[in-house]
Amino acid sequence: MRTFLILLLCFIAGTAAAETVTIEASQDNTLYESTQGALSNGAGTRLFIGLTSSNGVRRAVFAFKDLGAIPAGSTIKSVKLHMYVSRQNSDPTMTDLFRLESDWGEGTSDASGPEGGGAPATTGDATWNHTFFDNMLWSTPGGDFNQASRAQLEVGDVGPYTWGSTTTMVADVQDWLDNPQNNFGWILLADETVGSARRIISREGSDST
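Cut-off values and rules
Residues numbered from 1 in each chain as written. Predicted model: local features only at pLDDT ≥ 70, side-chain atom pairs only at ≥ 80, totals over all residues. Heavy atoms only, no water. Salt bridge = Lys/Arg side-chain N within 4 Å of Asp/Glu carboxyl O. Helix = DSSP H or I, 4+ residues; strand = E, 2+ residues; numbered from the N terminus. Buried < 20%, exposed > 50% of the residue type's maximum accessible area, 1.4 Å probe, protein only. Expected span 1.5 Å × (residues − 1). Pairing = 2+ DSSP bridges. Phe/Tyr/Trp six-rings, centres within 6.5 Å; stacked < 30°, edge-to-face > 60°. 1 Å grid on protein atoms, 1.4 Å probe; cavity = no way out; pocket = protein on both sides within 12 Å on 5 of 7 lines; lining within 4 Å. Points joined across faces, edges and corners; volume = space filled by probe spheres on them. Nonpolar A, V, L, I, M, F, W, Y, C, P; charged D, E, K, R; others polar.

Next up on the list: the pattern of salt bridges. For the structure shown, the criterion picks out seven salt bridges. As a salt-bridge pair, arginine 99 and aspartate 172 come within 3.1 Å of each other at their nearest N and O atoms. Remark: aspartate 172 occurs in helix H1 (residues 167-178) and arginine 99 occurs in strand S8 (residues 93-99); sequence separation between them is 73 residues. Classification of arginine 99 by relative accessible area gives buried; the value is 12%.

A word on H1. The end-to-end C-alpha distance of H1 is 16 Å, a good match for the 16 Å that twelve residues give at a rise of 1.5 Å each. Within H1, burial applies to Met169, Val170, Asp172, Val173, Gln174, Asp175, Trp176 and Leu177.

Among the six residues that make up strand S3 (residues 27-32), six are buried, leaving the element largely enclosed by the rest of the structure. Side-chain alternation along S3 places Gln27, Asn29 and Leu31 on one buried face and Asp28, Thr30 and Tyr32 on a second face that is also buried. One ladder, built from six bridges, connects S3 with strand S6 (residues 57-63); its direction is antiparallel. Paired with tyrosine 32 across the strands is arginine 58, a residue of S6.

Another aspect to go through is the packing of aromatic side chains. Under the definition given, this model contains six aromatic pairs. On the numbers, 6.5 Å between centres and 70° between planes, the contact of phenylalanine 62 with tryptophan 186 is edge-to-face. With phenylalanine 62 in strand S6 and tryptophan 186 in strand S14 (residues 186-190), this pair connects stretches of sequence that are 124 residues apart. One exposure class covers both phenylalanine 62 and tryptophan 186, and it is buried. Ring centres 5.0 Å apart and planes at 45° place the aromatic pair phenylalanine 98 and phenylalanine 145 in the tilted group.

So, on to the layout of surface pockets. The gaps left among the atoms become clear once a water-sized probe is rolled over them. Space inside the largest pocket adds up to approximately 270 Å³. Taken together, 13 residues form the lining of the largest pocket, with Phe48, Arg87, Asn89, Gly116 and Ala197 sitting closest to its centre. For the lining of the largest pocket, the secondary-structure elements that each account for two or more residues are strand S7 (75-88) and strand S15 (198-201). Classifying every residue of the lining of the largest pocket gives three nonpolar, six polar and four charged.

On to the pairing of S14. Burial analysis of S14 places five of its five residues in the buried class, the great majority of the element. Burial along S14 is two-sided: Trp186, Leu188 and Ala190 facing one way and Ile187 and Leu189 facing the other are all buried. Relative to S14, S6 is paired through three bridges, and the arrangement is antiparallel. Within S14, the residue paired with alanine 60 across the bridge is leucine 188. Pairing between S8 and S14: five bridges, direction antiparallel. Its bridge partner lying in S14, arginine 99 is registered against tryptophan 186.

Laid out in structure tokens, this is it:
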């Protein structure tokens, strides 16, 4: 199961019928805390969130830019976000979903082994410092995002998790549909004050669940 799926309950323009649409993420990446901003994992099969045992922060970014399955003029009524946690090494922790305010990239970096340490960033990768490595920067290292949480969920053991639906998630997706130029996706943060690291299957992951 690829990590991020979004379920949209749409009222199609001109009809009274409701339709459920499932959309996979079109891009995803991990921001690895780094002064140099030289680490990424654009083509990796894992994403990471939280504070690791070595006190390094990880944040997952993902976007749904291919919204062609939603008919133009639809009204979004409900949104759910799905992911699968494949590894954890800490107590359950709260995670928050935020709306990204800058565009960012997914390059060809591909971390080896468990992937927790990342790989050297390649052209176009999002990193802790860069929206697109190596010459375009976030305004704030660690990602530019609206500080209002879109959804919150406690994440613990290995398994599937679902966020939603909230009014702000619905509003985000409606805006992405109506104004594609504003569609930069979401960023997922775990509690970064305590050990909270989690590994998540990315859209490139081949895990079957």
